[in-house]
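A structural walkthrough
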Amino acid sequence: LSVMEGIIGAVASLQGVSRYRGYENDTATTNADGIPAHSISLVVEGGDSTQIAEAIAAKKTAGTGTYGSTTVTVYDQYGIANAIKFYRPTTATISVEVSLTARAGYLSTTATLIKAAVAEYLNGLEIGDDIYITKLYVPANLLNNAELMDTFDVTQVRIKKNAGSFVTTNLTLAFNEIAMCDPKTNVTVIAT
């Protein structure tokens, strides 16, 4: 394993850590994500901040900087303080409009299943994953439910991030953002 893989593995194994992602900038300049030269940045959902910082400090190599908005001071075996930085993910609330044409057998409860499937897909994305509009058609069509998927035809999917406008194009998330979608409040099914 590389050093970075070891750091990510140590953080991933901590109790309460649910999602995580690591980035390494081994160049001599700040990268497009704003990570300084010769630095690492971890984005961690869940877990204890002190344990996360200790895991990073124990595995990183000397001279490698850490980058993030959360700073925890940890002490080495000689009592020397070391400020370890990492990110907690920023939530990107994703709203979805699914327009469909109802067919024979379509029930209003089908809309609830579509909402749940779309939200489950979005909430299962990894930290920093972009949202591709075409991939949302799969959960919206309930492709795992042969009985219901023939009762409607999805005609359009539109998405928006936070307070933005609805679009029919992909959404880009920052490296430290995580998609969140509530099926009751963020997904609308428009049946005609």
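Refer to the structure above for everything that follows.
In short, a report on the structure. Every value quoted in this text rests on a predicted model; they were computed, and no experiment measured them. (Residues numbered from 1 in each chain as written. Predicted model: local features only at pLDDT ≥ 70, side-chain atom pairs only at ≥ 80, totals over all residues. Heavy atoms only, no water.)

Details of the pairing of strand β2 (residues 39-46)
Convention followed: Only protein chains enter the area calculation, which uses a 1.4 Å probe; residues under 20% of their type maximum are buried, those over 50% are exposed, and those in between are partly exposed. Each helix is a run of H or I in the DSSP string that is no shorter than four residues. Each strand is a run of E no shorter than two, and both are numbered from the N terminus. Two strands pair if DSSP finds at least two bridges between them.
Within β2, 7 of the 8 residues are buried, which leaves the element mostly enclosed by the surrounding structure. The sheet contact formed by strand β1 (residues 17-25) and β2 spans 8 bridges and is antiparallel. Residue pairing across strands places Gly22 opposite Leu42, the latter belonging to β2. As defined by bridge partners, β2 adjoins strand β3 (residues 65-66) across 2 bridges and the pair is classed as parallel. Its bridge partner being in β3, Ile40 is matched across the sheet by Thr66.

Focus: the pattern of salt bridges
Two side chains that carry opposite charge are able to pair once their charged atoms sit near each other. Our working rule: Any carboxyl oxygen of Asp or Glu that lies within 4 Å of a side-chain nitrogen of Lys or Arg is treated as forming a salt bridge with it.
For the structure shown, the criterion picks out 4 salt bridges. With a shortest N-O distance of 2.9 Å, Glu45 and Arg19 are connected by a salt bridge. Residue Glu45 is found in strand β2, and its partner Arg19 is found in strand β1; the two are separated by 26 residues along the sequence. Residue classification places Arg19 among the buried residues on the basis of a relative accessible area of 13%. Across the pair Arg158 and Glu97 runs a salt bridge whose closest N-O atoms are separated by 2.9 Å. Remark: Glu97 occurs in strand β6 (residues 90-102) and Arg158 occurs in strand β7 (residues 152-161); sequence separation between them is 61 residues. Classification of Glu97 by relative accessible area gives buried; the value is 17%.

What about helix α3 (residues 108-123)?
To be explicit about the condition: In a helix, the anticipated span is given by 1.5 Å times the number of residues less one. Contacts are assigned to residue pairs that have any heavy atoms within 4.5 Å of one another.
Counted at 1.5 Å a residue, the expected span for α3 with its 16 residues is 22 Å, and the 23 Å between its end C-alpha atoms agrees. Turning to α3, its buried residues number three or more, namely Thr110, Ala111, Ile114, Ala117, Val118, Ala119 and Leu122. If you follow the buried residues of α3, they end up packed against β6, α4 (137-140), α5 (146-149), β7, β8 (177-180) and β9 (187-191).

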